[in-house]
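Below are the chains, spelled out letter by letter.
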Amino acid sequence: MAPLLICFMQISFCPARSLVRSSMDANTNSGSSARAERKQQEKAKIIQREKQRQTVKTISRLLQKAEGERTQEDRALLQEHQDTVQELSRRQSRRSLLKRKQEEVFDDAENLKAKVKQLAEELQQAKHVVIYTGAGISTAASIPDYRGPNGVWTQLQKGRSVSASDLSRAEPTLTHMCIWMLHKVKMVQHVVSQNCDGLHLRSGLPRHALSELHGNMFIEVCDSCSPAREFIRLFDVTERTALHRHGTGRLCPHCRAELRDTIVHFGERGTLEQPLNWKGAAEAAQRADLILCLGSSLKVLKKYSCLWCMNRPANKRPKLYIVNLQWTPKDNLATLKIHGKCDAVMGLLMEELGLEIPVYNRSQDPIFSLAKPLSAQEQKSHTREEIAPPSALEDTSQDTQAQGEATAVQGGWFGRGYAKARRKKKTV
Ligand SMILES: *[C@@H]1O[C@H](CO)[C@@H](O)[C@H](O)[C@H]1NC(C)=O
Ligand SMILES: [Zn+2]
């Protein structure tokens, strides 16, 4: 306390400061009339704004009246405030457009089948196919999507809190398994995903055919080692990480530097070679003659210009097929937009192609052989549930179920990144 006090006293008696004060005093008289004027102007502005608000209110009430019910006076008022009438109708159409963009649309069964048939034919003709995936392909694994009616982002926008059962219990969906199969039979060359849930990797898709642009929740890396060293784990490594804070608390066994997660949050730029694999994604897009987007709003992906070949004339770009229930910003560039759930569309597609739909088998999940076990001291370095190995599945499934439902997911890549997006949105 004492040093602070002394400091204060020095300032009070400082001659320079007294000087400033006296010159301000001299200005006070001439300044006061200017201030009064400013105050007057501000007051006038407030009154003007209030008047405008009243007008808008009145006009919008009049517009809600049926035309037949409007009085002579009402009509005169509307005539007098044409500008307001137009502004209100612009606002109305903006609102309904926004609403329409958020609605989920479903193609009817017949239409869906016809569209999938067209997609199947195009896939068979294509030489280089790239698939872009978003949260919509994982909803069937009970990972909530972002922008759907019950999505994380949508819920946060409405001011609701988000909780979900532990994400490490999710398994590759029918769509993940179909994509794995399409790659295996060489009908798909590369997969670019925004999802951090690691499910493409766990479906068996080889690393070289995969770009996880926003990271993988099961991977931590040492970027002090050169080349960077990667450690795949059986649990979500992100429980203590956040935007601009990526340290996981565990250490690199080779150089003792702190390991970091691989997640790319909103506003961050991902530079890790793996698992992001930007090189693979950009090369694939360059060579692609068909791009299939599955379950992504494309609101983030559209910003990655190298994925879309927009520098080429329209007829030299890859054909674009989009499977999504909601509007996307690429809809008007798409050869075909399919409004259906990913699993439904992929099921039909495999049927059209005469391919079997593989079933996820935990015994063949590559994560168990890829994962590096923790050292004895590190066993307690995390509290997240581990993916149960195939042998343990039967006997533990019951208690892990109960435990998982009790814990809401808050930390790590899930939740925090979105919270930021919401704040950003609000200040716009
Ligand atoms: C899963 O894979 C294992 C190992 O390859 C195999 O023994 C088992 O039969 C498979 N299970 C199913 C349901 O296909
Ligand atoms: Zn290291």
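The sections below set out a description of the structure shown in this document. Chains are numbered independently. Their residues run from 1 in the order of the written sequence. Naming scheme: in the order in which they are written, chains are lettered from A and ligands are numbered from 1. Only residues with pLDDT of at least 70 are given local features in this predicted model, and only at 80 or more are side-chain atom pairs given and counted; all residues enter the totals for whole chains, interfaces and linings. In computing side-chain properties, one takes all heavy atoms of the structure into account and sets aside hydrogens as well as water.

## What to know about the side chain of N324
At step 1: With respect to the element layout, N324 can be found in the loop between β9 (319-323) and β10 (336-338).
At step 2: Judged by its relative accessible area of 11%, N324 falls in the buried class.
At step 3: For the purposes of these results, a polar contact is taken to be a pair of N or O atoms within 3.5 Å, where, inside protein, one atom must be able to donate a hydrogen and its partner to accept one; residues adjacent in sequence count only when each atom of the pair is a side-chain atom. At 3.2 Å, the side chain of N324 forms a polar contact with the backbone oxygen of Q326.
At step 4: By the convention used here, residues are in contact when the closest approach between their heavy atoms is within 4.5 Å. Look past the residues within four positions of N324 in its chain and what remains in contact with it is G295, S296, S297, K337, I338, H339 and G340. Strands are runs of DSSP state E lasting at least 2 residues, helices are runs of H or I lasting at least 4, and numbering of each runs from the N terminus. Accessibility here uses a 1.4 Å probe with only protein chains present; expressed as a share of the type maximum, an area under 20% marks a residue as buried, one over 50% as exposed, and anything in between as partly exposed.

## A closer look at the site of ligand 1
At step 1: All residues adjacent to ligand 1 are N361, S363 and Q364.
At step 2: Side-chain polar atom of N361 to an oxygen atom of ligand 1: 2.3 Å apart, as the coordinates give it.
At step 3: Here an oxygen atom of ligand 1 and a side-chain polar atom of Q364 are 2.9 Å apart.
At step 4: Exposure was quantified through the Shrake-Rupley algorithm and a 1.4 Å probe, taking into account, for residues, occlusion by the shown protein chains and nothing else. Isolated, ligand 1 exposes 360 Å² of accessible area, and the fraction of that covered by the protein chains is 27%. Think of it this way: one heavy atom of a residue within 4 Å of a molecule or strand is enough to make that residue near it.

## Describing the coordination of the zinc ion (ligand 2)
In a perfect tetrahedron of four donors around a metal, the angles come out at 109.5 degrees. In a perfect octahedron of six, they are 90 or 180 degrees.
At step 1: Around the zinc ion (ligand 2), the protein contributes the donor atoms C222 (SG), C225 (SG), C252 (SG) and C255 (SG), at 2.3 Å from the metal centre.
At step 2: What the four donor atoms of the zinc ion (ligand 2) show is an angle range of 100 to 116 degrees at the metal, which sorts the shape as tetrahedral.
At step 3: Sites may look incomplete, because water is not among the atoms used; the donor set itself consists of N, O and S atoms within 2.8 Å of the metal (3.2 Å for Na, K and Ca). In the primary sequence, the donor residues of the zinc ion (ligand 2) line up as C-x2-C-x26-C-x2-C. One exposure class covers both C222 and C225, and it is buried. Only two sets of limits are used to name each site, 85 to 135 degrees for every angle of a tetrahedral four-donor site, and over 155 degrees for opposite donors with all other angles from 65 to 115 for a square planar four-donor or octahedral six-donor site, with any other site named irregular.

## Concerning the sheet that holds strand β8 (residues 290-294)
At step 1: Here, any two strands with at least 2 DSSP bridges between them count as paired. Ordered in space as β3-β2-β1-β8-β9-β10, the six strands form an open sheet in which the pairing is parallel. The open sheet has two edge strands with one neighbour each: β3 (210-212) and β10. The average angle at which neighbouring strand axes cross in this sheet is 15 degrees, direction not considered.
At step 2: Of the strand pairs in this sheet, β9 and β10 are connected by three bridges, and their pairing is parallel. Bridge pairing links Y321 to L336 in β10.
At step 3: With axes taken as lines fitted to C-alpha atoms, and helix axes fitted only over the stretch in contact, angles between N-to-C directions fall between 0 and 180 degrees. Sheet strands in contact with helix α5 (residues 109-125) are β1 (129-133), β8, β9 and β10, and its direction is about 130 degrees off that of β10.

## Remarks on the pairing of β1
At step 1: Buried residues dominate β1, accounting for five of its five residues.
At step 2: A two-sided burial pattern is seen for β1, the buried positions comprising V129, I131 and T133 on one face and V130 and Y132 on the other.
At step 3: Judged from the five bridges that link them, β1 and β8 form a sheet pairing that is parallel. Within β8, the position partnered with I131 by the bridge is L292.

## Some words on the pairing of strand β5 (residues 229-232)
At step 1: Relative to β5, strand β4 (residues 219-222) runs antiparallel, the two being bridged by four bridges. The partner of E220 across the bridge, within β5, is F231.
At step 2: What sits between the antiparallel neighbours β4 and β5 is a turn of six residues.

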